[in-house]
Amino acid sequence: MDAAIDGNAHVHVNTDTDVDVDVDVDVDVDVDVIVVGAGPTGLMLGAELALGGVRVQILERRTEAQRQSRALTLHPRSVELMDQRGLVERFLARGRAVPGWHFAGLDTRLDFSALDTRHGYTLFLAQARTEQLLAERAHALDVPIRRGYEVVGLRQDDGSDSGRGSGDGRGGRTDAGRVEVDVRGPGGDLRTVRARYVVGCDGGRSAVRRAAGIEFPGTDETLTGALGDFAVVDPAALDRARAHGVLIAPLEPEPEPEPEDERTDGGPAEGRPGGLTRIVLVDPRRMRTPAAEPLTLEEFRTSLADICGTDCGVAQPRWLSRFGNATRLAARYRAGRVLLAGDAAHIHFPAAGQGLNTGLQDAMNLGWKLAAEINGWAPPGLLDSYHAERHPIGQAVTENTEVQTLLMELTLLPPYQRPAAALRKLLTELLGIEEVNRRLAGRISALDTAYPPTAADADPLVGRRMPDVALTAADSTAGRAHELLPPGRFVLLDLAGDEELRRTVTTGWGPRVTALTVTRHEHRTDLDGVREILIRPDGHIAWATRTPALPARRIERHRALTDWAGRPARR
């Protein structure tokens, strides 16, 4: 069980925060991409598309920005994504770093600090704050967020793109193909807007997914949990609640964060005036209550008392909600010119807090590919690789959350409590094995995400995330690999020294690829013998070579750049 919630949760207590309200009064009727949904996934995608030079607007049904804390965790890979776009300091200033995490609430924690990353922690940050920071990023890139607009239907023309590059591979837009989207505006009026593509980031009940006819197979809700964000708790009782499997998480203070000199412990103290404490539980007596049924403060207090013998002094709830274990995965992430990301593509029980993180990573994968398609330089099949790469990730997340949910549920069912307790004890012991812990921590944190290479003879680095190695590169002030990625371009690192590199790459792929000669870099055994590395805009490795002979390496490089960054410009 985790401090996050999925798209099936229901809100029953609301509060104002200092999150900015963003309302736009009208929509653009013709753009390159319409992103439906201004949650974390939609905001991240909008910014990524704008970074790629795409005309994009975000449509959001809600008239105001998110005010509930909702999902709470940014895992290491998501923090890395913010680092790769130059945003990480803004997030760290508002969040609280936690070095360990959990799997199914087992006693042995997952050690994120032992992973191969500069960000070996979970960052506790309320979703409302994440959305605020991403909305600021979108505004800085001139992405309009149109609030109060609900999608009620869409139609694709007969020329819907099949996934092959729509231009000549050298750049240049084409106008073939449109999606018409029917929206209901703030005043109830209906209008039609058009775009080259539409991306549904509109949650588990996605109107875009339904209108596109994309199936959403899976299982219905059979178990629910409850959560509350409280301004008042009894700190002395919280350890007792933890000992009975109740999740406790401090949230940032309200309405304003504390000064840095008061946050030397990394975040607000539990029960501290001005701060909130999140409490998450599954009550055996109430775990079959439908998520749609309102949750009251009295019921929450009763559940706490039944589970751990104390109601922890909870009072002044800012948010109470139920959440369920409905688990579904879109049959396809793309139908012609309509694509899905985030909860519109996958929903599950919020075990280990993976939902929001998976959505952000969907957006990072999709943004540059869709921009390439629209700008006319995408190699054949690039846009279809979004489904090929991200659908298996969605399946893996839904499967591991089902496993975690089962491990929690069995301990609550009398016929299975004894063997379930023995199983949990065994798994807890196994997590004490360093390699086992690292393997599972890599999976939950998404740091082990590696996309399958397209070539049988690909280097072992291909598909993996680029390690954030310290380096010195000619004509660059960056001191780390991830500092090269904020512009959202490919980065070609020459570790061997080819005097023709810059001229060749700039002439053929200059607007899409930054080529740098690395004079020094941090030693890593996995980089031994590597001569060149091509990093994708999302931070994964597209190509690497250890070929020592320069003429052969240049041939490989040309092929790799053409395969990933399109055909070179005519000279």
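Here the structure is a predicted model, which means the values were calculated and not measured.

### Regarding unusual backbone geometry
1) Next: Of note, aspartate 142 is a non-glycine position whose phi angle comes to about 60 degrees, a positive value.
2) Next: By secondary structure assignment, the location of aspartate 142 is in the loop between helix H4 (127-140) and strand E9 (145-147).
3) Next: We note that alanine 352 has phi near 65 degrees; this positive angle belongs to a residue other than glycine.
4) Next: With respect to the helices and strands, alanine 352 occurs in the loop between strand E21 (346-347) and helix H8 (355-375).

### With respect to the pattern of salt bridges
1) Next: Counting across every chain of the model gives 44 salt bridges.
2) Next: Between aspartate 306 and arginine 286 there is a salt bridge, with the nearest N and O atoms lying 3.4 Å from each other. Of the two residues, aspartate 306 sits in helix H7 (residues 297-308) while arginine 286 sits in the loop between strand E16 (277-281) and H7, which places them 20 residues apart along the sequence.
3) Next: Residue aspartate 306 is classed as partly exposed on the basis of its relative accessible area of 38%.
4) Next: The exposure class of arginine 286 is buried, given its relative accessible area of 18%.

### Re the sheet that holds strand E18 (residues 327-329)
1) Next: The three strands are arranged E13-E18-E21 in an open sheet whose pairing can be described as antiparallel. The open sheet has two edge strands, strand E13 (218-219) and E21, and neither has a second partner.
2) Next: In this structure, E18 lies alongside E21, joined through two bridges in antiparallel fashion. The residue bridging arginine 328 from the neighbouring strand is isoleucine 347, located in E21.
3) Next: Relative to E18, helix H9 (residues 385-410) is tilted by about 170 degrees, and along the sheet it contacts E13, E18 and E21.

### Here we look at the confidence of the model for the chain
Parts of the model with low pLDDT should not have their predicted coordinates read in detail.
1) Next: Per-residue confidence for the chain gives a mean pLDDT of 89, with 88% of residues at or over 70.
2) Next: Contacts from residues 3-24, a stretch scored under 50 in pLDDT, to residues over four places away or in other chains number 91 contacts.
3) Next: Taken together, the stretch residues 162-166 has pLDDT below 50 and engages in 18 contacts with residues farther than four places along the chain or on a different chain.

### Some thoughts on the sheet that holds strand E22 (residues 471-473)
1) Next: Reading across from one edge, E22-E24-E23-E25-E26 is the order of the five strands in this open sheet, with mixed pairing throughout. At either margin of the open sheet sits one strand with a lone partner, and together these are E22 and strand E26 (541-545). Strand-to-strand, the axes of this sheet are offset by a mean angle of 25 degrees, without reference to chain direction.
2) Next: Pairing geometry for strand E23 (residues 490-494) and strand E24 (residues 513-521), over five bridges, is parallel.

### Details of the nonpolar core
1) Next: Within the largest apolar cluster, 71 residues are counted, with the highest numbers of intra-cluster contacts made by Val33, Ile34, Phe91, Val181 and Leu370.
2) Next: With eight residues, H8 is the largest single contributor of residues to this core.
3) Next: Excluding residues that lie within four positions of it along the chain, valine 181 makes contacts with Ile34, Val151, Gly153, Leu154, Arg191, Thr192, Val193 and Val198.
4) Next: If you look at the next biggest cluster of nonpolar residues, it comprises 36 residues, including Trp101, Leu110, Ala231 and Phe323.

What counts, and at which threshold
Starting from 1, residues in each chain are numbered consecutively following that chain's sequence as written. With the structure being a predicted model, the display of local features is reserved for residues of pLDDT at least 70 and the display and counting of side-chain atom pairs for 80 or more, all residues being used for whole-chain, interface and lining totals. Water and hydrogen atoms were dropped before computing side-chain values, which therefore reflect all heavy atoms in the structure. What counts as a helix is a DSSP run of H or I of at least four residues, what counts as a strand is a run of E of at least two, and both are numbered from the N terminus. A side-chain nitrogen of Lys or Arg and a carboxyl oxygen of Asp or Glu constitute a salt bridge if their distance falls within 4 Å. For every residue, the accessible area (1.4 Å probe, protein chains only) is compared with the maximum for its type, and the residue is labelled buried under 20%, exposed over 50%, or partly exposed between those bounds. Strands are treated as partners if at least two bridges between them are detected by DSSP. Contacts were defined at the residue level, with two residues in contact if any of their heavy atoms lie within 4.5 Å. Interaxial angle, 0 to 180 degrees, is taken between N-to-C directions of lines fitted to C-alpha atoms, where a helix line uses only the stretch in contact. For every residue, the predictor reports its confidence as pLDDT, a number between 0 and 100. We define a nonpolar core as any set of buried Ala, Val, Leu, Ile, Met, Phe, Trp, Tyr and Cys residues linked to one another through side-chain atoms lying within 4.5 Å.

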